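Summary of structural features
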Amino acid sequence: MIKGNLSEGACVSRKIIITCAVTGSIYTPTMSPHLPVTPAEIAQSSIEAAEAGAAIIHLHARVPEDGRPSADPDHFRAFIPVINDSCDAVLNISTGGSSLMSLETRLAPARAMKPEMCSLNMGSMNFGIFTLKRKYENWQHEWEPQLLDATRHTMFTNTYQDIENILADLGDGAGARFEFECYDMGHIETLAYYLRQGLVKAPLYVQFVLGVMGGIGASPENLLAMKSCADRLLGDNYQFSVLAAGRHQIELATMGVILGGNVRVGLEDSLTIPPGRLATSNAEQVKKIRTIIEEMGHSVATPEEARRMLCLKGRGAVNMAL
Ligand code: KMH
Ligand code: ZN
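In this report, the structure presented in the accompanying data block is examined. Just so it is clear, the structure is predicted and the values come from calculations on it, not from any experiment.

What counts and how
- Residues numbered from 1 in each chain as written.
- Chains lettered and ligands numbered in written order.
- Predicted model: local features only at pLDDT ≥ 70, side-chain atom pairs only at ≥ 80, totals over all residues.
- Heavy atoms only, no water.
- Axes fitted to C-alpha atoms, helices over the stretch in contact; angles between N-to-C directions.
- Helix = DSSP H or I, 4+ residues; strand = E, 2+ residues; numbered from the N terminus.
- Left-handed = near helix turned anticlockwise from the far one by under 90°.
- Contact = heavy atoms within 4.5 Å.
- Nonpolar A, V, L, I, M, F, W, Y, C, P; charged D, E, K, R; others polar.
- Buried < 20%, exposed > 50% of the residue type's maximum accessible area, 1.4 Å probe, protein only.
- Pairing = 2+ DSSP bridges.
- Right-handed = clockwise from strand over helix to strand, strands pointing away.
- Donors = N, O, S within 2.8 Å, 3.2 Å for Na, K, Ca; no water.
- Salt bridge = Lys/Arg side-chain N within 4 Å of Asp/Glu carboxyl O.
- Core = buried A, V, L, I, M, F, W, Y, C linked by side-chain atoms within 4.5 Å.

1. Side note on the packing of helix H9 (residues 249–258) against helix H10 (residues 282–295)
Where H9 contacts H10, the two axes come as close as 10 Å, and the packing angle between them is 35°. Read as a crossing pair, H9 and H10 show a hand that is right-handed. For the pair H9 and H10, contact is made by Gln249, Ile250, Ala253, Thr254 and Val257 and by Gln285, Lys288, Ile289, Ile292 and Ile293, respectively. Of the residues assigned to the contact of H9 with H10, the class counts are 6 nonpolar, 3 polar and 1 charged.

2. A word on the pairing of strand S3 (residues 56–59)
Burial of the side chains of S3 extends over both faces: Ile56 and His58 are buried on one face and Ile57 and Leu59 on the other. Where strand S2 (residues 18–21) and S3 come together, 3 bridges link them in parallel fashion. Within S3, the position partnered with cysteine 20 by the bridge is isoleucine 57. Tracing the backbone out of S2, into helix H1 (residues 39–52) and back to the parallel element S3 gives a crossover that is right-handed. For S3 and strand S6 (residues 90–93), the ladder comprises 4 bridges, and the chain directions are parallel. Of the residues in S6, the one forming a bridge with leucine 59 is isoleucine 93.

3. As for the coordination of the zinc ion (ligand 2)
At this site the zinc ion (ligand 2) is bound by His58 (NE2), His60 (NE2) and Glu268 (OE), with donor distances of 2.0 to 2.1 Å. In terms of primary sequence, the donors binding the zinc ion (ligand 2) are separated according to H-x1-H-x207-E. On the criterion of sequence distance, the pair formed by histidine 60 in the loop between S3 and strand S4 (61–62) and glutamate 268 in the loop between strand S11 (262–265) and strand S12 (272–273) is long-range, its members being 208 residues apart. The two residues histidine 60 and glutamate 268 agree in class, both being buried.

4. Overview of the pattern of salt bridges
The final tally for this structure, using the stated rule, is 15 salt bridges. Across the pair glutamate 181 and arginine 264 runs a salt bridge whose closest N-O atoms are separated by 3.3 Å. Within this pair, whereas glutamate 181 is found in strand S8 (residues 177–182), its partner arginine 264 is found in strand S11, the two being separated by 83 residues in sequence. Arginine 264 gets classed as buried once you look at its relative accessible area, which sits at 2%. Each member of the salt-bridge network shares a partner with another, and the members are Glu179, Glu181, Arg264, Glu268 and Asp269.

5. Concerning the sheet that holds S3
The 8 strands lie next to each other as S2-S3-S6-S7-S8-S9-S10-S11, forming a closed barrel whose pairing is parallel. For this sheet, the mean angle separating the axes of adjacent strands, direction not counted, is 25°. Across 4 bridges, S8 lies against strand S9 (residues 204–210) in parallel orientation. Paired with glutamate 179 across the strands is tyrosine 205, a residue of S9.

6. Structural notes on the nonpolar core
Ranked by internal contacts, the top residues of the largest apolar core, which has 73 residues, are Ile57, Leu59, Ile80, Phe208 and Leu234. Sorting elements by how many residues they give to this core places H1 first, with 6 residues. In this view, isoleucine 80 contacts Leu59, Leu91, Ile93, Met113, Met320 and Leu322; residues no more than four positions away in its chain are not counted.

7. Some remarks on unusual backbone geometry
Here the residue pair alanine 202 and proline 203 is connected by a cis peptide bond, since its omega of -5° sits within 30 degrees of zero. Take proline 203: it is sitting in the loop between helix H7 (185–197) and S9. Between proline 274 and the following residue, proline 275, the backbone shows a cis peptide bond with an omega angle of 5°. Structurally, proline 275 is set in the loop between S12 and strand S13 (277–278). Phi at lysine 114 is positive, roughly 50°, even though this residue is not glycine. Relative to the assigned elements, lysine 114 resides in the loop between helix H4 (103–113) and strand S7 (117–121). With a phi angle near 55°, cysteine 311 is a residue other than glycine that sits in the positive phi range. Within the element layout of this structure, cysteine 311 appears in the segment after helix H11 (303–310). By relative accessible area, cysteine 311 is classed as partly exposed at 46%.

Keep in mind these numbers describe shape, not what the thing actually does.
Here's what the structure looks like:
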């Protein structure tokens with residue numbers, strides 16, 4: 001697999017996977033009128049992102065009436081078949097949900113759908129989004145500031161036992177492969193432990209997550225450190241993607257491309273687009289990073305190419321009706 005950077009002489013044209021994470025559970029409706037929250041908005045935004053070049057759509061759900069994060073399978077059911085009927089993107093179902101949900105709640109949609117891919121968060125951590133609160137007033141919904149505040153005194157729980165349950169249940173049991181969300185170097189150490197134990201298998205798809213308060217910060221130095229840690233511990237057994245939460249999303253994704261990786265964009269992780277304005281859609285961020293990728297002489301992977309690169313089971317084996 002190609003994981004080299006310029007200094008390794010791997011600056012040949014290659015296929016790069018764009019993941020678009022379209023809504024998530026970090027940002028709230030007051031923060032951007034462009035954040036999709038209803039099933040129709042999530043479906044349309046996902047389809048547009050796929051048309052713009054995203055091979056993988058990373059999905060969370062929201063309560064349609066007020067945009068609150070949800071992991072209710074009924075809420076996923078309202079948009080999954082619509083997306084699936086209109087594009088062939090890989091649908092990647094979050095098992096992280098929101099840091100405030102129980103693990104059982106978070107796993108329900110992926111258990112029902114048996115997707116080709118789902119996220120797997122590689123450790124317990126603080127997941128602080130309370131600092132976003134001071135930037136806004138006139139909240140549309142009472143739950144928004146309450147949810148942000150709650151992350152001061154709650155933890156995003158992903159114990160070893162939780163991780164092993166997800167590997168067994170969704171991986172061995174349902175044939176899903178994982179987007180291993182690593183928010184710090186210790187999470188890469190944990191993944192390397194499971195590789196040594198034979199509980200996870202190459203090609204591992206590692207998402208370097210920078211910029212979440214409680215995890216590693218969004219800086220070029222930290223991205224280099226994450227990559228060198230993964231090179232040392234995972235060797236040829238992995239491919240990586242870069243996600244930077246907040247305003248450095250596009251810059252650090254670009255650095256990920258230069259380092260030989262793949263990219264994740266989307267309004268789940270950043271509401272903005274350079275030069276520092278609100279992005280008007282998920283597709284706008286996809287188009288921006290696609291342009292950068294193509295200007296560097298690379299091309300974007302189609303969903304079928306992404307399936308081959310990541311050894312996915314194929315969408316025929318997914319329960320799209322949940
Ligand atoms: N929004 C990311 C920083 C998940 O869905 O499992 C975290 C995330 C977790 O995507
Ligand atoms: Zn997510």
